[in-house]
Amino acid sequence: MPTARWNDTVIAQSDYTVVVEGNHYFPADSIVAEYFEDSATHSHCPWKGEASYKTIVVDGKRNADAAWYYPDPKPKAAEIKDRFAFWKGIEVK
């Protein structure tokens, strides 16, 4: 089962990830919401659309914009709508 960890803490886990461009996108209901804070950061992908970000906070440590998701992806990326992917030291196995 794919699991995302940061600072030895599981922040997401699911058998139903979608892999796009080498990134596991976890369903929204598989993340541990208490570790996620809203961020004002956004970025744009030509084929996926606009990404929104979340900051991960575990044991008082912050990993700014370490999770991203597409609330309204372009049609070619519809399968990752509201799914979360990770970077910035988040380990996915």
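All values reported here derive from a predicted model rather than from experimental measurement. Numbering of residues begins from 1 in every chain and follows the order in which that chain's sequence is written. Two thresholds apply to this predicted model, a pLDDT of at least 70 for residue-level local features and 80 or more for giving and counting side-chain atom pairs, whereas whole-chain, interface and lining totals are computed over all residues. As a convention, hydrogens and water are excluded, and side-chain values are obtained from all of the structure's heavy atoms.

Draft legend 1. View of the sheet that holds strand 9 (residues 91-92). Here the rule is simple: two strands pair whenever DSSP picks up at least two bridges between them. Strands are runs of DSSP state E lasting at least two residues, helices are runs of H or I lasting at least four, and both sets are numbered from the N terminus onward. Here we have 3 strands laid out as an open sheet, ordered 2-1-9, and antiparallel in their pairing. The open sheet has two edge strands with one neighbour each: strand 2 (9-13) and strand 9. Note that strand 1 (residues 3-6) and strand 2 share 4 bridges and pair antiparallel. The partner of Thr3 across the bridge, within strand 2, is Gln13.

Draft legend 2. Highlighting the sheet that holds strand 7 (residues 61-69). Read across the open sheet, the 4 strands follow the order 5-6-7-8; overall the sheet is antiparallel. Of all the strands in the sheet, just strand 5 (36-45) and strand 8 (84-86) have a single pairing partner and so form its edges. On average, adjacent strands in this sheet sit at an angle of 35 degrees to one another, irrespective of strand direction. Here the axes come from fitting lines to C-alpha atoms, over the contacting stretch only for helices, and the angles between their N-to-C directions go from 0 to 180 degrees.

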